[in-house]
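Listed below, chain by chain, are the residues.
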Amino acid sequence: MKTRILLTALLACTSLAAAEIRVGVIVSGTGPAASLGIPERNTVALLPQTIAGQKIVYTILDDASDTTAAVTSARKLIQDNKVDLIIGTTTTPASLAMIDVVAEAKVPMISLAASEAIIKPVDAKRMWVFKTPQTDAIMAAAIAQHMQQNKIKTVGYIGFNDAYGEGWLAELKKNAAARGIKVVAEERYGRSDTSVTGQVLKVLAAKPDAVLIGASGVPAVLPEKTLKDRGYAGQVYQTHGVANADFLRVGGKDVEGAILPAGPVLVADQLPDTNPNKKVGLNYASLYEAKYGQGSVSTFGAHMWDAGLLMQKAIPAALKKAQPGTAEFRSALRDALEGSRNIIGAHGIFNLSATDHLGLDARSRVMVQVVDGKWKLLK
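Cut-offs used in this document
- Residues numbered from 1 in each chain as written.
- Predicted model: local features only at pLDDT ≥ 70, side-chain atom pairs only at ≥ 80, totals over all residues.
- Heavy atoms only, no water.
- Helix = DSSP H or I, 4+ residues; strand = E, 2+ residues; numbered from the N terminus.
- Rg over C-alpha atoms; globule rule 2.2 N^0.38 Å.
- Buried < 20%, exposed > 50% of the residue type's maximum accessible area, 1.4 Å probe, protein only.
- Contact = heavy atoms within 4.5 Å.
- Pairing = 2+ DSSP bridges.
- Salt bridge = Lys/Arg side-chain N within 4 Å of Asp/Glu carboxyl O.
- pLDDT = per-residue confidence, 0-100.
- Axes fitted to C-alpha atoms, helices over the stretch in contact; angles between N-to-C directions.

**Quick notes on the overall build of the protein**
Along the backbone of the protein there are 12 helices and 15 strands. In terms of C-alpha radius of gyration, the protein reaches 22 Å, essentially the compact-globule figure of 21 Å for 379 residues. Over its C-alpha atoms, taken along the principal directions, the protein stretches across nearly 90 × 40 × 35 Å. Of all 379 residues assigned to the protein, the portion counted as buried reaches 56%.

Listed below in structure tokens is the structure:
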């Protein structure tokens, strides 16, 4: 009997030592959103391989910027890989589509996409969903404030014909109206479109003081280039969805002068030393550029980095309640993520709660402008 008890104890200890935490990652490594997804994927290599003594196993899948592929990938990670957590995906439409999958399986998910609709309201399904990028609501408020300060009275809009674009249009209307700014034109286009001449002509006909382009990544260059080609001289605003080197490289002189809100990590070296995110942002940039080259860092990879910081805080708490690979552990991990407080990330300070699964405030944004092909912090 004693031998059997001892053997059982040894097997239990062996099982505990061999436990591993499986993290599934879905990003848009190819397709229209690849300029966002590639730095997210690259950042996974910088995340910890062990947390609280437990091995972390990452499985990375590419959804090719396709919503259906993202849903299929989520199901595969849950059913085949038995993941304890999903991080992803890159785009708003795909992240929204994944909510039903993770909620049904009761697997927590940290999205890397922007829309506030991904996490609000925190209902029976969204209780399993968190995110690290600033919402369109946070960033649209910053744009409207800048417009008001610069005496802009009318604005035209051209954005993606999907959930990302519609979310931005709704936030623009709300924030513009609150500041006495009138939206005089609304146009949409597809992420893979090669021409937006018709849409731009309609926007120009309304003679707006400024134009906001509600798009992300390299596809956001097309409307701004077309506006410039047609002689538009007003101020062009972009969203934080363009804050990477590929947008500058592809856009060149056509995006010169564009203004947008961005996470502080984009201009970490220009931040005052008193900014709490400067140290974290510079550390991430240093690690990323040491591996992938000078000037390669982007805000999108930093969203993955911040997801890693949340994960590092939540996993030790969850391990006190259950073992990896169990429903109890996944539930405890969800609870721990929701209880994250005062986590200083590259993009802001995260204070999550039962009603806020992002937990960022106005400190998570700065206004920047493209000047001489580089990002310049606006004071």
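This is not the end of the story, as more comes after the structure.
**Some words on helix H2 (residues 34–44)**
Where burial is concerned, most of H2 is hidden: nine out of the 11 residues are buried. Within the sequence span of H2, burial applies to Ala34, Ser35, Leu36, Gly37, Pro39, Glu40, Asn42, Thr43 and Val44. Against the buried residues of H2 lie strand E1 (20–27), strand E3 (54–62), helix H9 (245–251), helix H10 (278–292) and helix H11 (299–319).

**Quick look at the pairing of strand E11 (residues 259–262)**
Taking every second residue as pointing to the same face, both faces of E11 are buried, with Ile259 and Pro261 on one and Leu260 and Ala262 on the other. Bridge count between E11 and strand E14 (residues 366–371): four bridges; the pairing is antiparallel. Residue pairing for E14: Ile259 is matched across the bridge by Gln369.

**Digging into helix H8 (residues 221–229)**
Along H8, the residues that are buried comprise Val221, Pro223, Glu224, Thr226 and Leu227. The inward-facing, buried residues of H8 abut strand E7 (154–160), strand E8 (182–189), helix H7 (197–205), strand E9 (210–214), strand E10 (235–238) and H9.

**With respect to the pattern of salt bridges**
Taken as a whole, this structure holds 20 salt bridges when the rule is applied. Asp80 serves as the salt-bridge partner of Lys76, at 3.6 Å between the closest nitrogen and oxygen. Since its relative accessible area comes to 40%, Lys76 is described here as partly exposed. Where Lys278 meets Asp273, a salt bridge forms, and the shortest distance between an N and an O atom there is 2.8 Å.

**Digging into the confidence of the model for the protein**
Detail in the predicted coordinates should be disregarded across regions flagged by low pLDDT. Overall, the predicted model of the protein reaches an average pLDDT of 94, with 95% of residues at or above 70. A low-confidence stretch, residues 1–17 (pLDDT under 50), is modelled with two contacts involving residues beyond four sequence positions or located in other chains.

**Topic: the pairing of E1**
Within E1, six of the eight residues are buried, which leaves the element mostly enclosed by the surrounding structure. Two elements, E1 and E3, share eight bridges in a ladder whose sense is parallel. Bridged to Val25 within E3 is Ile60. Bridging between E1 and strand E4 (residues 85–88) involves four bridges; their strand directions are parallel.

**Considerations on the sheet that holds E1**
Remark on secondary structure: sheet strands pair via backbone hydrogen bonds, oriented parallel or antiparallel. Judged by pairing direction, the sheet is mixed, and its six strands sit side by side in the order E2-E3-E1-E4-E5-E6 without closing on themselves. Each of the sheet's edge strands pairs with one partner strand only, and the pair in question is strand E2 (50–51) and strand E6 (129–131). The strands touched by H2 are E1 and E3; relative to E1, the strand with the most contacts, the crossing angle is about 165°.

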